Amino acid sequence: MRKLLVLVVLVLAGCTSAPEAEPPPPTIDFLIAGKKTTAKPFLYCDVKVENCKRDNTAMLKLPVPPGTPVKVTVPKDVSDTPWSVVIQYRTAAGEQRAPVTVATFAPGKETSFEALPPGAGDQLQTVEVKQAGGVLVEGEAGPEAVTRTAWSLQVTG
């Protein structure tokens, strides 16, 4: 009888324990001319990309002088998944370029990347980091991962 009572208490204790709290969304760092700024995601979804939260106020707005690289550093929980860096820039002649993926990393390979526009005098407009979720869609070149989490730096001035 005593063993049964202990077993019932243990089972009930397991049933009534508080659910594990969801961890906060990961943050990343942008380093510009030696100054580090930490960013929250403006888009954050579960792994299946079913439950998403959007916060456009999390998009950073910072000055980046022409020709200055932006170093992106991600934490382990991002680098352990596929992630990529997308830039948009204006050429020295003033032509606005469409967003382009400049780096894509396999899980566990890299934790940082230095983004720079391709030509002398070109000006970064946006640097975005995108973490892949556990969902694939059919793209032009085959299956593509759906973005789970995204961080954005929008260049001002």
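The paragraphs below set out a description of the structure included in this document. (Residues numbered from 1 in each chain as written. Predicted model: local features only at pLDDT ≥ 70, side-chain atom pairs only at ≥ 80, totals over all residues. Heavy atoms only, no water.)

Some words on the nonpolar core
Part 1 of the argument: Ranked by size, the top nonpolar core spans 24 residues in total, and within it F30, V127 and L153 carry the most contacts.
Part 2 of the argument: Contributing elements (two or more residues each) for this core: β1 (28-32), β5 (60-63), β6 (70-73), β7 (83-90), β8 (100-105), β10 (123-139) and β11 (142-156).
Part 3 of the argument: In terms of residues, this core owes the most to one element, β7, which gives four residues.
Part 4 of the argument: Contact partners of F30, with chain neighbours within four places excluded, come to K35, K36, T37, A39, L60, V70, K71, V72, V127, S152 and L153.
Part 5 of the argument: The next biggest cluster of nonpolar side chains, apart from the first, holds six residues, and it includes L43, A58, M59 and A150. (Core = buried A, V, L, I, M, F, W, Y, C linked by side-chain atoms within 4.5 Å. Buried < 20%, exposed > 50% of the residue type's maximum accessible area, 1.4 Å probe, protein only. Helix = DSSP H or I, 4+ residues; strand = E, 2+ residues; numbered from the N terminus. Contact = heavy atoms within 4.5 Å.)

Some details on unusual backbone geometry
Leave glycine aside and you will find that most residues have negative phi; peptide bonds, for their part, are mostly trans.
Part 1 of the argument: The phi dihedral of A33 falls on the positive side, at around 50°, and the residue is not glycine.
Part 2 of the argument: On the accessibility criterion, A33 (71% relative accessible area) is exposed.
Part 3 of the argument: With a phi angle near 55°, V49 is a residue other than glycine that sits in the positive phi range.
Part 4 of the argument: Here V49 shows up in the loop between β3 (43-45) and β4 (52-54).

Concerning the sheet that holds strand β9 (residues 112-115)
Part 1 of the argument: Spatially, the four strands line up as an open sheet ordered β2-β1-β6-β9, and their pairing is antiparallel. Pairing within the sheet leaves two strands with one partner each, and these edge strands are β2 (35-39) and β9. With strand direction ignored, the average angle separating the axes of adjacent strands in the sheet is 20°.
Part 2 of the argument: Note that β6 and β9 share four bridges and pair antiparallel. Within the sheet, the bridge partner assigned to T73 lies in β9 and is S112. (Pairing = 2+ DSSP bridges. Axes fitted to C-alpha atoms, helices over the stretch in contact; angles between N-to-C directions.)

Observations concerning the packing of aromatic side chains
Part 1 of the argument: Per the counting criterion, the structure on display carries two aromatic pairs.
Part 2 of the argument: Between W83 and F105, the ring centres sit 4.5 Å apart and the planes meet at 35°, which makes this aromatic pair tilted. You can see W83 sitting in strand β7 and its partner F105 sitting in strand β8, a full 22 residues away along the chain.
Part 3 of the argument: Since its relative accessible area comes to 1%, W83 is described here as buried.
Part 4 of the argument: When its relative accessible area of 13% is taken as the criterion, F105 is described as buried.
Part 5 of the argument: One aromatic cluster is present, built from ring pairs that chain together W83, F105 and F113. (Phe/Tyr/Trp six-rings, centres within 6.5 Å; stacked < 30°, edge-to-face > 60°.)

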